[in-house]
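This is what each chain is made of:
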Protein chains: 2
Amino acid sequence: MTKYPPTLHTLIALFKKIPGVGFKTAERYAFNLLNWNDNLLEEFARIASQLKTKIQPCHECGCLTEEHACSFCDIDQRDKTSICIVSSPKDVYPIEETHVYQGMYHVIAGLLSPLGGRSAHELQIDKIKKRVLDNQVTDIILALDSTLEGDATALFLREQLKDMHVNISRPAMGLPMGSSLDFVDGGTLAKALLGRQTF
Amino acid sequence: MTKYPPTLHTLIALFKKIPGVGFKTAERYAFNLLNWNDNLLEEFARIASQLKTKIQPCHECGCLTEEHACSFCDIDQRDKTSICIVSSPKDVYPIEETHVYQGMYHVIAGLLSPLGGRSAHELQIDKIKKRVLDNQVTDIILALDSTLEGDATALFLREQLKDMHVNISRPAMGLPMGSSLDFVDGGTLAKALLGRQTF
């Protein structure tokens, strides 16, 4: 391993910092970059160094934004009486792609996790409450992971927001589209049966 | 997709240029980079922009080198009468890791490939012949892929070098270590039987 030129060695070490990228993969990526032309590498370098300064969380909703105004906070285009709470700015994009939601978003700092050291006050409930009051919000969707932490956070948020007189909902749990019954795990099937919809 | 901030969008497009990295993976990498601290991103940017200027192929053997002197061309440490021909600078490192080869290397421009448009004169046979004569080389190992192109290139090189009076060999083909006979493909098994070694 020590035979690699130092620059290449550092690049491999940096790639390895990305979760899911092991030594072999990092090595393959680094050798591939060696074949890129100079312009592309320059652009890559420029983008990497500007990343944190150019992309900032929106002060209002927490979504990623590059210009001063966040496109998700544009009240002319979107329904401001509905807020979808997500645990990461990344979750906003798959929801947008479904084209079935036209309301606002609100990114919380993460899911409650006693082991991970994330406690209730980091969710900044007051900020959510203020947005609900300021915009006469009627609907809150808790679009959180369907995991232990996601469930706990959703329960906690429901408890905190229950006297705000808003409809609180979560995305339905059930069979993934295109799945066959015998390949679905028991927990999902139970949720799907309990939440069965009139047909 | 258009909702991503432009900088993030460009970063995703750049990651996608690496073979084997699709949109979802590129997206995951880009979002991960957003969590890196500024120093790390700065270093990443610096390494990416210096990559091509700092790392150069050795004039003698074609291996990657960062200092003026290539560590694989160090005749005090290594046996200069043996040359191992590989088709990419990347192939040198796994061979080095085996610790069973202490000779020189020679990187050819790639494997012969009529469809890929790589023809015989790009192999620069004269350069290999010159090294053989200059260093009184006695052994040439053709450590090329065991594919159609690798076999064709090995045959061609053997033909071109046959009047240089050197031993020409290829790494043995046979069963991978730890494999069981019934999982090995027929071609490999045939090669292993034909090349059976006295035990």
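Just so we're clear, the structure is a prediction, and the values are computed from it rather than from any experiment. Position numbers for residues start from 1 in each chain and track the written sequence from start to end. To label them, take the chains in the order written and letter them from A, then take the ligands in the order written and number them from 1. Reporting of local features is limited, given that this is a predicted model, to residues whose pLDDT is at least 70; pairs of side-chain atoms are given and counted only at 80 or more, and all residues count toward the totals for whole chains, interfaces and linings. Each side-chain value is worked out from all heavy atoms of the structure, with water and hydrogens disregarded.

Caption draft 1: Fine view of helix α1 (residues 6-15) of chain A. Using a 1.4 Å probe on the protein chains alone, a residue whose accessible area is under 20% of its type maximum counts as buried, one over 50% counts as exposed, and one in between counts as partly exposed. Think of it this way: any DSSP run of H or I at least four residues long counts as a helix, any run of E at least two long counts as a strand, and we number them from the N terminus. Considered for burial, the residues of α1(A) that qualify are A:T7, A:L8, A:L11, A:I12, A:L14 and A:F15. Each buried residue of α1(A) sits inside an arc of 160° when the element is viewed along its axis, so together they form one side. Of the surrounding secondary structure, the elements contacted by the buried residues of α1(A) are α2 (23-34) of chain A together with α1 (6-15), α3 (38-54) and β2 (64-65) of chain B. The arc in question is the one traced by the directions running from the helix axis out to the C-beta atoms. Contact criterion: two residues are considered in contact whenever any of their non-hydrogen atoms come within 4.5 Å of each other.

Caption draft 2: Layout of the environment of A:N135. All names here are of chain A. Tracing the backbone shows N135 in the loop between α5 (125-134) and β5 (139-142). Taking relative accessible area as the criterion, N135 reaches 18% and is therefore assigned buried. Along the sequence, N135 and S82 sit 53 residues apart, while their C-alpha atoms lie 8.9 Å from each other.

Caption draft 3: Just the sheet that holds strand β6 (residues 167-169) of chain A, in detail. Residues and elements named next belong to chain A. When DSSP finds two or more bridges between a pair of strands, those strands are recorded as paired. Spatially, 4 strands are ordered β4-β3-β5-β6 in an open sheet, and the strand pairing comes out parallel. In the strand order of this sheet, the two ends are held by β4 (103-107) and β6, each with one partner. Neighbour-to-neighbour, the strand axes of this sheet turn through a mean angle of 25°, independent of strand direction. Relative to β4, strand β3 (residues 79-86) runs parallel, the two being bridged by 5 bridges. Bridge pairing links I83 to M104 in β4. In this analysis an axis means a line fitted to C-alpha atoms, helices contributing only their contacting stretch, and an angle means the value between N-to-C directions, from 0 to 180 degrees. On top of the sheet, α5 reaches β3, β4 and β5; it is set at about 165° to β4, its chief contact.

Caption draft 4: Representation of the pairing of β4(A). Along β4(A), 5 of the 5 residues are buried, which leaves the element largely enclosed by surrounding structure. Look down the strands so they point away from you; if the path from the first strand over the helix to the second goes clockwise, the crossover is right-handed. For the crossover from β3(A) across helix α4 (residues 92-97) of chain A to β4(A), the handedness is right-handed.

Caption draft 5: Local environment of the relation of the copies chain B and chain A. We superpose the copies by least squares over the C-alpha atoms of residues that have a pLDDT of at least 70 in both of them. Superposing chain B onto chain A requires a rotation of 180° together with a translation of 0.1 Å along the rotation axis, leaving an RMSD of 0.1 Å. What we have between these two chains is a two-fold relation. Distance from the rotation axis, computed per C-alpha, reaches its smallest value in chain B at B:A45: 1.9 Å.

Caption draft 6: The packing of helix α3 (residues 38-54) of chain A against α3(B), seen in detail. Where α3(A) meets α3(B), the axes come as close as 8 Å, and the angle between the chain directions of the two elements is 170°. Judged by the angle between their axes, α3(A) and α3(B) are roughly antiparallel. Together, A:D38, A:L41, A:E42, A:F44, A:A45, A:A48, A:S49, A:L51 and A:K52 of α3(A) and B:D38, B:L41, B:E42, B:F44, B:A45, B:A48, B:S49, B:L51 and B:K52 of α3(B) make up the contact between the two elements. Three classes are used: nonpolar for Ala, Val, Leu, Ile, Met, Phe, Trp, Tyr, Cys and Pro, charged for Asp, Glu, Lys and Arg, and polar for all others, with Gly counted as polar. Along the lines of polarity and charge, the residues of the contact of α3(A) with α3(B) split into 10 nonpolar, 2 polar and 6 charged. Angles below 35 degrees are treated as roughly parallel, those above 145 as roughly antiparallel, those between 65 and 115 as roughly perpendicular, and all remaining angles as oblique.

Caption draft 7: Geometry of the sheet that holds strand β6 (residues 167-169) of chain B. All names here are of chain B. Within the open sheet, the 4 strands sit side by side as β4-β3-β5-β6. Their pairing is parallel. The open sheet terminates on both sides in strands that have one partner only, identified here as β4 (103-107) and β6. This sheet shows a mean twist of 25° between the axes of neighbouring strands, independent of strand direction. The pairing of strand β5 (residues 139-142) with β6 spans 3 bridges and is classified as parallel. Bridge pairing in β6 places I141 opposite S169. Contacting β3 (79-86), β4 and β5, helix α5 (residues 125-134) crosses the sheet at an angle of about 165° to β4. Contacting β3, β5 and β6, helix α6 (residues 148-161) crosses the sheet at an angle of about 160° to β5.

Caption draft 8: View of the nonpolar core. Counting residues in each nonpolar core, the largest one holds 76 residues, and the members touching the most others are A:F15 and B:F15. Not counting the four nearest positions on each side in its chain, B:F15 is found in contact with A:F15, A:I18, A:F44, B:V21, B:A26, B:Y29, B:A30 and B:L33. Working definition of a nonpolar core: buried Ala, Val, Leu, Ile, Met, Phe, Trp, Tyr and Cys residues. They are joined through side-chain atoms within 4.5 Å.

Caption draft 9: Up close: the interface of chain B and chain A. On the side of chain A, 49 residues touch chain B, which itself brings 49 residues to the contact. Two parts lose some accessible area (1.4 Å probe) when they are put together, and adding that loss for both gives the buried area. Here chain B meets chain A over a buried area of about 5,000 Å², counting both sides, of which 72% is carbon and sulfur. The largest contributions to the chain B side of the interface with chain A come from B:K3, B:T7 and B:K52, which together make up 13% of the buried area. Note on definitions: salt bridges are taken to be side-chain nitrogens of Lys or Arg within 4 Å of carboxyl oxygens of Asp or Glu. Here chain B is connected to chain A by 0 salt bridges. N or O atoms within 3.5 Å of each other form a polar contact, as long as, within protein, one can give a hydrogen and the other can take it, and as long as residues adjacent in sequence are counted only when both atoms are side-chain atoms. Applying the counting criterion to the chain B and chain A interface returns 9 residue pairs in polar contact (both at pLDDT 80 or more). Listed by contribution, the elements that provide at least two residues to the side of chain B that touches chain A are α1, α2 (23-34), α3, β2 and α4 (92-97) of chain B.

Caption draft 10: Inspection of the confidence of the model for chain A at higher detail. For every residue, the pLDDT score states the predictor's confidence, bounded by 0 at the bottom and 100 at the top. Of the residues in chain A, 99% have a pLDDT of 70 or more, and the chain-wide mean is 88. As a predicted assembly, this complex carries a pTM of 0.74 together with an ipTM value of 0.72.

Caption draft 11: Molecular detail of unusual backbone geometry. Backbone geometry places B:H99, a non-glycine residue, at a positive phi of 60°. Relative to the helices and strands, B:H99 is located in the loop between α4 and β4.

Caption draft 12: Local environment of the packing of aromatic side chains. Working definition: a ring pair exists when centres of Phe, Tyr or Trp rings (six-membered ring for Trp) sit within 6.5 Å. Plane angles under 30 degrees give stacked, over 60 give edge-to-face, the rest tilted. Tallied over the entire structure, the rule returns 20 aromatic pairs over all chains. Between A:F15 and A:Y29 the ring centres are 5.5 Å apart and the planes differ by 75°, which places this aromatic pair in the edge-to-face class. Within this pair, whereas A:F15 is found in helix α1, its partner A:Y29 is found in helix α2, the two being separated by 14 residues in sequence. Residue A:F15 shares its accessibility class with A:Y29, and that shared class is buried. One aromatic cluster is present, formed by A:F15, A:Y29, A:W36, A:F44, B:F15, B:Y29, B:W36 and B:F44 through successive ring pairs.

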